[in-house]
Amino acid sequence: MDTFLLAIGLGLCALMMITLYRAVFGPTVLDRLVGANGIGSKTVVLLLIIGFLYDRVDMFVDIALAYALLNFITVLAASRYFYKKKGLSEE
């Protein structure tokens, strides 16, 4: 089971690298925001997988929930900022 979870975690990290490309080289601000949100969502799942690997799911669920909430609030704040201040509605 540990080998399976490790393989899933490594596959998830590979998917995060693809999303990182979109977050860094996105042609628009929206592409960068979606890329950053995708990385945050995958990080939550990766934290849960790490929790299963270390047999400490209860601790890692708390960390994953806090990170998910922080990711959600950050993306909302950044999208609101770019919408109002940077003229995102004109793109």
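Residues numbered from 1 in each chain as written. Predicted model: local features only at pLDDT ≥ 70, side-chain atom pairs only at ≥ 80, totals over all residues. Heavy atoms only, no water.

Attention now goes to the overall build of the protein. Regarding its fold elements, the protein presents 3 helices and 0 strands. Starting at the N terminus and ending at the C terminus, the protein contains elements arranged as α-α-α. Principal-axis analysis of the C-alpha atoms gives the protein an extent of 50 × 25 × 10 Å. By sequence separation, contacts in the protein at least 24 residues apart represent 53% of the contacts at least 6 residues apart. In the structure as shown, the protein presents an accessible area of about 6500 Å², 70% of it carried by carbon and sulfur atoms. Counting 8 positive and 7 negative side-chain charges, the protein places the centres of these two groups 14 Å from one another. (Helix = DSSP H or I, 4+ residues; strand = E, 2+ residues; numbered from the N terminus. Contact = heavy atoms within 4.5 Å. Areas by Shrake-Rupley, 256 points an atom, 1.4 Å probe, with all protein chains shown as cover. Lys, Arg positive; Asp, Glu negative; His and termini not counted. Charge placed at Lys NZ, Arg CZ, Asp CG, Glu CD.)

Applying the stated criterion to the full structure yields 2 aromatic pairs. Residues Tyr-21 and Phe-25 carry aromatic rings whose centres are separated by 5.2 Å and whose planes lie at 50° to one another, so their mutual orientation is tilted. Of this pair, Tyr-21 and Phe-25 are both found in helix H1 (residues 2-25), 4 residues apart, which corresponds to roughly one turn of the helix. An angle of 65° between the planes, with centres 5.3 Å apart, marks the rings of Tyr-81 and Phe-82 as edge-to-face. Residue classification places Tyr-81 among the partly exposed positions, given a relative accessible area of 40%. (Phe/Tyr/Trp six-rings, centres within 6.5 Å; stacked < 30°, edge-to-face > 60°. Buried < 20%, exposed > 50% of the residue type's maximum accessible area, 1.4 Å probe, protein only.)

For an α-helix, the turn length of 3.6 residues means that residues three or four places apart are oriented alike. Between the first and last C-alpha of helix H2 (residues 29-53) there are 36 Å, a value that for 25 residues agrees with the 36 Å anticipated at 1.5 Å per step. Along H2, the positions that sit buried rather than exposed are Leu-33, Gly-35, Gly-38, Ile-39, Gly-40, Thr-43, Val-44, Leu-46, Leu-47, Ile-49 and Gly-51. Next to the buried residues of H2 lie H1 and helix H3 (57-84). Among the residues trailing H2, Asp-55 stands out with phi positive, at a value near 55°. (Expected span 1.5 Å × (residues − 1).)

With that settled, consider the packing of H1 against H2. Remark: H1 packs on H2, axes separated minimally by 9 Å, with the N-to-C direction vectors making an angle of 165°. Looking at the two axes, H1 sits roughly antiparallel to H2. In the crossing of H1 with H2, the sense of the turn from one axis to the other is left-handed. Tallied by class, residues from the contact of H1 with H2 come to 17 nonpolar, 5 polar and 5 charged. (Axes fitted to C-alpha atoms, helices over the stretch in contact; angles between N-to-C directions. Parallel < 35°, antiparallel > 145°, perpendicular 65-115°, else oblique. Left-handed = near helix turned anticlockwise from the far one by under 90°. Nonpolar A, V, L, I, M, F, W, Y, C, P; charged D, E, K, R; others polar.)

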